[in-house]
2 protein chains.
Amino acid sequence: MLNGIGRRRQLEPGEQLMWEGDEAVLVANVIDGVLKLASHSADGGEQILGLAYPSDFLGRPFGETAPYGVEALTDAQICVFERKDFDRFARDHPRLEHKLLERTLTELDRSRRWMMLLGRMNAGQKVASFLLELTDRLGKAGAGGETFVTLPLSRQQMADVLGLTIETVSRQLSRLRSAGLIDTPSRREIVLRDRRELEELAG
Amino acid sequence: MLNGIGRRRQLEPGEQLMWEGDEAVLVANVIDGVLKLASHSADGGEQILGLAYPSDFLGRPFGETAPYGVEALTDAQICVFERKDFDRFARDHPRLEHKLLERTLTELDRSRRWMMLLGRMNAGQKVASFLLELTDRLGKAGAGGETFVTLPLSRQQMADVLGLTIETVSRQLSRLRSAGLIDTPSRREIVLRDRRELEELAG
DNA sequence: CGCTTATTTGATCTTCGTCAACTTATGTGG
DNA sequence: CCACATAAGTTGACGAAGATCAAATAAGCG
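Criteria and cut-off values
Residues numbered from 1 in each chain as written. Chains lettered and ligands numbered in written order. Predicted model: local features only at pLDDT ≥ 70, side-chain atom pairs only at ≥ 80, totals over all residues. Heavy atoms only, no water. Pairing = 2+ DSSP bridges. Helix = DSSP H or I, 4+ residues; strand = E, 2+ residues; numbered from the N terminus. pLDDT = per-residue confidence, 0-100. Near = heavy atom within 4 Å. Polar contact = N/O pair within 3.5 Å; in protein donor to acceptor, adjacent residues only side chain to side chain. Core = buried A, V, L, I, M, F, W, Y, C linked by side-chain atoms within 4.5 Å. Buried < 20%, exposed > 50% of the residue type's maximum accessible area, 1.4 Å probe, protein only. Contact = heavy atoms within 4.5 Å. Nonpolar A, V, L, I, M, F, W, Y, C, P; charged D, E, K, R; others polar. Expected span 1.5 Å × (residues − 1).

Visitor: I would appreciate a short explanation of the sheet that holds strand 8 (residues 76-82) of chain A in the present structure.
Guide: Two pairing modes exist for strands in a sheet, parallel and antiparallel, and in both the strands are linked by backbone hydrogen bonds. Residues and elements named next belong to chain A. Taken together, the four strands give an open sheet; going across it, the order is 1-8-3-6, and neighbouring strands pair in antiparallel fashion. Looking at which strands have only one partner, the edges of the open sheet turn out to be strand 1 (6-11) and strand 6 (57-58). Here six bridges tie strand 1 to strand 8, and the two strands are oriented antiparallel to one another. Residue Gln10 lies in a different strand from strand 8, and its bridge partner there is Gln77.

Right under this line is the structure:
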């Protein structure tokens, strides 16, 4: 029902949809691909605040400035709306606003679970949790009950998501590999060999 | 306009309003006091996911189970609604739902800023940021341009908020005291002597 | 007052970050 | 197709921040 005011847009990896601090002029729905929401600290370090997957909502309706930047990690397809159009439309369509409220509440819950991860987990637990979430979102079933994911992030980006360094992420993945919990056929591919054990590790 | 279906309730420090995992049967508005939202990891460690101050909204409308527990830190006054009543009421009153959506979006932004704190700051920055946020929310102006706060949390709870240990929090406070940035007339009271410098530390 | 609990302080130990070297991919131009 | 260049990832050695363990103080409270 939003089709009238939205338009499709294709993004390439690395393409920036919104900039942190920009006046928020648009909102969007993710149709396909993975995007990151990120904020920068004064010293240039980047903290990824969340990832957006298909069906997720992006942007800050009714707000003033975007509190974080949004950048595509993979090829992505999104449906964008001018914020003014969207705001007006939402006000006139309570059902839409209701839907949006539900999603935002869910997003808030997700973000709070992430805080848990950042505040209380050690490196091993973080990496394990991340792999599990990723396979839940993007995983494909492979042969023999194994799960298979293509990572939408570089090691650096994983480190930024988890509040770790690239080296620590790499070491943890190596550890999981030698423990036989995962396989890494290539840099961007992960096979979960033992989900049970991984869940154990994630705590 | 919600008065018809809400009722006042008084909470004492330590009193639990909702339990993590409970069926979410109520939602509430904070009128006075400070509450904590917290979740427990398997090993018993607690991560405080956020604090709720006057005017904040508590609970999970339209959801199934409460994703975190809510407990009063100080004497608190809240206005509670049966969730069923509230949901029905919200559906019939788009203005209310709109207001709630705006608040939830604001809350989401706040929670994301907190993720930044947990993921990227060191102990000194965390404690400094926390004191600044607290004085913004609860601080009273004292003599000589200084700001004065009564801490609603114990050291243990501060540690839980910041993802640190009690000892580290204590040491950081001692460090700030010897640097002349704060005074601690009693355990639960803090005087900011040099806000500028504290902001510097918080990064 | 004595007893219990919260906080501070000190002494180690661990984890993870930092710095550096090395290896593996991914190109690119000849 | 190969040689080389560049970027991404892995591994190792070391150090620092913060956790953990252990007392020592300081509040509260009956």
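So that's the structure; there's more coming.
Visitor: Sorry, what's going on with the confidence of the model for chain A here?
Guide: One rule of thumb: low pLDDT means the predicted coordinates there are not for detailed reading. This prediction gives chain A a mean pLDDT of 89; 96% of its residues lie at or above 70. Element-level pLDDT for chain A is lowest in strand 9 (residues 140-141) of chain A, with a mean of 83, against a maximum mean of 97 in helix 5 (residues 166-178) of chain A.

Visitor: Whenever I open this one, the protein's contact with DNA strand D confuses me. Can you help?
Guide: Residues in contact with DNA strand D amount to 16 residues; listed here are only the nearest, Arg155, Arg171 and Ser174 of chain A together with Ala123 and Thr168 of chain B. In DNA strand D, atoms within 4 Å of the protein come 67% from sugar and phosphate. The separation between a base nitrogen of DNA strand D and a polar side-chain atom of Arg171 of chain A is 2.8 Å. With four residues, the top contributor of residues to the surface near DNA strand D is helix 5 of chain A.

Visitor: Can you help me understand the nonpolar core in this one?
Guide: Considering soluble globular proteins, one finds that nonpolar side chains tend to be buried as a cluster. Counting 103 residues, the largest nonpolar core has Leu17 and Leu58 of chain A together with Leu17 and Leu58 of chain B as its most contacted members. Filtering out sequence-adjacent residues up to four positions away, Leu58 of chain B remains in contact with Leu17, Met18, Val27, Ala28, Val30, Leu35, Leu37, Ala52 and Val70 of chain B. Judged by nonpolar contacts, the second largest core, of 22 residues, contains Cys79 and Leu105 of chain A together with Phe89 and Leu101 of chain B.

Visitor: Teacher, can you tell me more about the protein's contact with DNA strand C here?
Guide: Around DNA strand C sit 16 residues, and of these Ala123 and Thr168 of chain A together with Arg155, Ser170 and Ser174 of chain B come closest. Within 4 Å of the protein, the contacting atoms of DNA strand C are drawn from sugar and phosphate to the extent of 63%. Arg171 of chain B has a polar side-chain atom sitting 2.9 Å from a base nitrogen of DNA strand C. Among the secondary structure elements, those contributing two or more residues to the surface near DNA strand C are helix 5 of chain A together with helix 5 (166-178) of chain B. The element that contributes the greatest number of residues to the surface near DNA strand C is helix 5 of chain B, accounting for four residues. Looking at the surface near DNA strand C residue by residue, the classes come out as two nonpolar, seven polar and seven charged.

Visitor: Could you clarify how one ought to interpret helix 2 (residues 94-120) of chain B in this entry?
Guide: Side chains of residues three or four places apart in an α-helix project in the same direction, reflecting 3.6 residues per turn. Here helix 2 of chain B spans 39 Å end to end across 27 residues, near enough to the 39 Å set by a 1.5 Å rise per residue. Of all 27 residues in helix 2 of chain B, 19 are buried; the element is thus mostly enclosed.

Visitor: What should I look at first to understand the pairing of strand 12 (residues 189-192) of chain A in this one?
Guide: For a regular strand, side chains alternate in direction, first toward one face of the sheet and then toward the other. Residues and elements named next belong to chain A. Of the strand pairs in this sheet, strand 10 (residues 147-150) and strand 12 are connected by four bridges, and their pairing is antiparallel. Within strand 12, the residue paired with Val149 across the bridge is Ile190. The pairing of strand 11 (residues 182-186) with strand 12 spans three bridges and is antiparallel. By the bridge assignment, Ile182 is partnered in strand 12 with Leu192. Hairpin connection between strand 11 and strand 12: a loop of two residues separates the two successive antiparallel strands.

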